[in-house]
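Structural description and commentary
Chain residues, written in single-letter form:
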Amino acid sequence: MSANQIDVLIIGGGPGGSSAATFLARAGKRVLVLEKEVFPRFHIGESLLPYNHAIFREMGVLPALQAAGFPRKLAAQFHLGNGSLGTRFVFKDGKFTREPEAIQVERAVFDHVLLKHARGCGADVREGWTVQRFESDATGVTVQALAPDGAAHSFRAAFLIDASGRGNVTGNQEGTRIVHPKWRKLALFGHFTDVELDPGEAVTDTHIVRLDNKWFWIIPLSPEKTSVGLVIDKDEFAQEKGSLEEIFRRWVDTSVLVKRRMRNAHLTGTMRTTADFSYYNRTLVSKRLVRVGDAAGFMDPIFSAGVFLAMWSGKIGAEAVIKALDAGNDGKRGFRKYEKRVRTGMMFYWKVVENYYTTPFMELFLQPRDHYDLPSAVIEVLAGHVEGHWALRWRLAYFFLLVKIQARFPLVPRISFAQPKTSAAKDTPHVTTV
Ligand code: FAD
């Protein structure tokens, strides 16, 4: 592909880049994807949302994902670390939810399936290529990149989609990235064998276990392998001494619930960390440029929405670019609409995440009452219905009002994060299913 023969250059071949590339290639556009790594490569972000399935179907990639044999995820569970309260949200029981299940994925495999699919749809995918800079002008974008052998190359495209994830290539260059001032978080995680999971269909549930100011995830990836991670304030982590595994085990022991599940668990591979993942970009678009997925922004992994948001923004970003290409213009108006839509979706999750870290929210969330179908509205959010209809919107507004009231006048009993005095007390919690 020589310079100026490209309609769209995409930086990054993660879920956001693959989704954008697939939609563009299927619309007959000439797409070049430059991906820094050679796939398969490790990535964190393993629990998907049901509404991802709608995008898989539209991309035509569902059969390939089914063939890969990823475990089905039917529900998400949220618990207090002391085992005093737990709720299982079953997707198919949500009255508004059209997508009843999701999948749990090892990202090395999942991302590779998506990237191969984009290539199969006609995108020119080059791995081992690192994008360094871009310049846009009235007619297109010039992109500088390093080939696998280190040689510098320049590409010319009509449009650029930045799907570089937290690499945030264009946001860093344009100085638009803003790290959330309050959420200086760090995640410490690894893959384990012999984690104790629930019996029956709940065996593949995602478990989120909340302590006072930190939380664990437990995500079953296969019958043998489970992803377990901890999200903690960066400052608190900095006080800790020892190897990553020792630190992790110490924190595991502070929750009777996680301790029980991990009592026979063995680490496979290494523990990893990642930090400062809560940020956004002041603008999601620029001249002939659209940022999608984590390159647009990311909040916190609590609701497992990252891959869904990346693929959804990849899809609607691609649609905005297709319109501009077909109209032969610079896409400015369509890009503004894209920005509004994606920012609204992302801000919606930011609001839920910010609330999640407050106690009144947890009190209502973990003690759901079947009141105006509120549990169904919560399930719909957990399933990934990011652009909610009116029936969902007013219920969520009502739920947030109840959270405000709960802060002053308890509508449901107060919760405590304190660990039980005896270690055996609550390690098998009572779970409410909604
Ligand atoms: P990525 O998946 O990061 O892909 C970006 C790609 O761009 C990468 O392959 C990278 O190599 C490439 N790239 C970067 N720089 C360049 C460059 N200069 N040139 C060329 N290529 C480049 N999400 C979920 O849905 N479920 C979860 O359970 C979940 N858990 C998470 C846990 C943690 C601790 C964190 C931090 C995030 C989690 N996420 C989760 C979020 C999820 O990881 C991301 O939202 C998702 O991967 C975003 O996809 P993306 O395509 O935008 O970016």
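Residues numbered from 1 in each chain as written. Predicted model: local features only at pLDDT ≥ 70, side-chain atom pairs only at ≥ 80, totals over all residues. Heavy atoms only, no water.

**Thoughts on the overall build of the chain**
- Broken down by element type, the chain carries 13 helices and 21 strands.
- In terms of C-alpha radius of gyration, the chain reaches 22 Å, essentially the compact-globule figure of 22 Å for 434 residues.
- Dimensions of the chain, computed from C-alpha atoms along their principal axes, come out at roughly 70 × 45 × 40 Å.
- Within the chain, buried positions represent 58% of all 434 residues.
- Working note: accessible area of the chain is about 17,600 Å², and carbon and sulfur atoms make up 53% of it.
- Of the charged side chains in the chain, 57 are positive and 45 negative, and the gap between their average positions amounts to 5 Å. (Helix = DSSP H or I, 4+ residues; strand = E, 2+ residues; numbered from the N terminus. Rg over C-alpha atoms; globule rule 2.2 N^0.38 Å. Buried < 20%, exposed > 50% of the residue type's maximum accessible area, 1.4 Å probe, protein only. Areas by Shrake-Rupley, 256 points an atom, 1.4 Å probe, with all protein chains shown as cover. Lys, Arg positive; Asp, Glu negative; His and termini not counted. Charge placed at Lys NZ, Arg CZ, Asp CG, Glu CD.)

**Considerations on the site of the ligand**
- Among the 39 residues in the neighbourhood of the ligand, the closest are listed as E35, H43, S47, D294 and V307.
- In this structure, an oxygen atom belonging to the ligand sits 3.2 Å away from a main-chain N or O atom of P15.
- At a separation of 2.8 Å, an oxygen atom of the ligand approaches a polar backbone atom of G16.
- Contact with the protein chains hides 95% of the accessible area of the ligand, taken as 1,000 Å² for the molecule alone.
- Judged by the proximity of its atoms to the pocket grid, the ligand belongs to the largest pocket.
- Listing elements by their share of the shell around the ligand, those giving two or more residues are α1 (15-26), β2 (31-35), β8 (130-136), β14 (215-220) and α9 (306-327).
- Sort the elements by how many residues they give to the shell around the ligand and α9 lands first, with three residues.
- Broken down by class, the residue content of the shell around the ligand amounts to 18 nonpolar, 13 polar and eight charged. (Near = heavy atom within 4 Å. Polar contact = N/O pair within 3.5 Å; in protein donor to acceptor, adjacent residues only side chain to side chain. 1 Å grid on protein atoms, 1.4 Å probe; cavity = no way out; pocket = protein on both sides within 12 Å on 5 of 7 lines; lining within 4 Å. Sits in = over half its atoms within 2 Å of the grid points. Nonpolar A, V, L, I, M, F, W, Y, C, P; charged D, E, K, R; others polar.)

**Regarding the domain arrangement of the chain**
- Under the domain assignment used here, the chain contains domain 1 (3-70 + 106-180 + 279-348) and domain 2 (185-275).
- Once you take the C-alpha centre of each, domain 1 and domain 2 turn out to be 30 Å apart.
- Each partner contributes residues to the interface: domain 1 has nine residues there, and domain 2 has 15 residues.
- Its largest share of buried area at the contact with domain 2, domain 1 owes to F42, E46 and E106, together 43% of the area lost on that side.
- Our enumeration of links across domain 1 and domain 2 arrives at one salt bridge. (Domains from an automatic or database assignment. Contact = heavy atoms within 4.5 Å. Buried area = accessible area lost by both parts, 1.4 Å probe. Salt bridge = Lys/Arg side-chain N within 4 Å of Asp/Glu carboxyl O.)

**Considering the sheet that holds strand β16 (residues 266-275)**
- Here we have eight strands laid out as an open sheet, ordered β16-β12-β15-β14-β13-β4-β5-β21, and mixed in their pairing. If you trace the sheet from one side to the other, it starts and ends with β16 and β21 (431-433), each paired once. Looking at each pair of strands side by side, their axes are set apart by 15° on average, direction ignored.
- In this sheet, β21 lies alongside strand β5 (residues 86-90) in parallel orientation, the contact comprising three bridges. (Pairing = 2+ DSSP bridges. Axes fitted to C-alpha atoms, helices over the stretch in contact; angles between N-to-C directions.)

**Let's talk about the nonpolar core**
- I10, F78, F110, F303, Y356 and F365 are the most contacted members of the largest nonpolar core, which totals 106 residues.
- When residues are assigned to domains, this core turns out to be shared by domain 1 (3-70 + 106-180 + 279-348) and domain 2 (185-275), each giving three or more.
- Excluding residues that lie within four positions of it along the chain, Y356 makes contacts with F78, I208, R210, W215, I302, F303, F361 and M362.
- Membership of the second largest hydrophobic core comes to 21 residues, among which are F192, V228, V252 and V258. (Core = buried A, V, L, I, M, F, W, Y, C linked by side-chain atoms within 4.5 Å.)

**Remarks on the environment of S47**
- Structurally, S47 can be placed in the loop between β2 and α2 (52-59).
- For S47, a relative accessible area of 5% corresponds to the buried category.
- For the pair S47 and S227, spaced 180 residues apart in sequence, the C-alpha separation works out to 9.5 Å.
- Contact partners of S47, with chain neighbours within four places excluded, come to K73, I103, Q104, T206, I219 and S304.
- At a separation of 2.9 Å, a polar atom in the side chain of S47 contacts the side chain of Q104.

**A word on empty space enclosed by the protein**
- Overall, the coordinates contain five cavities of 30 Å³ or more when judged by the stated rule.
- The space that makes up the largest cavity amounts to roughly 110 Å³.
- Lining the largest cavity we find 13 residues, and of these F298, M299, D300, L309 and Y349 sit closest to its centre.
- Going through the elements one at a time, β20 (297-298), α9 and α10 (332-356) are the ones with two or more residues in the lining of the largest cavity.
- In terms of residue class, the lining of the largest cavity is made up of nine nonpolar, three polar and one charged.
- Reported here for the second largest cavity is a volume of approximately 80 Å³.
- Forming the boundary of the second largest cavity are F303, V352, F361, F365, V378, V381, L382, L396, F399 and F400.
- Elements with a minimum of two residues in the lining of the second largest cavity: α11 (359-366), α12 (374-383) and α13 (390-408).
- Its residues assigned to classes, the lining of the second largest cavity shows 10 nonpolar, no polar and no charged. (Points joined across faces, edges and corners; volume = space filled by probe spheres on them.)

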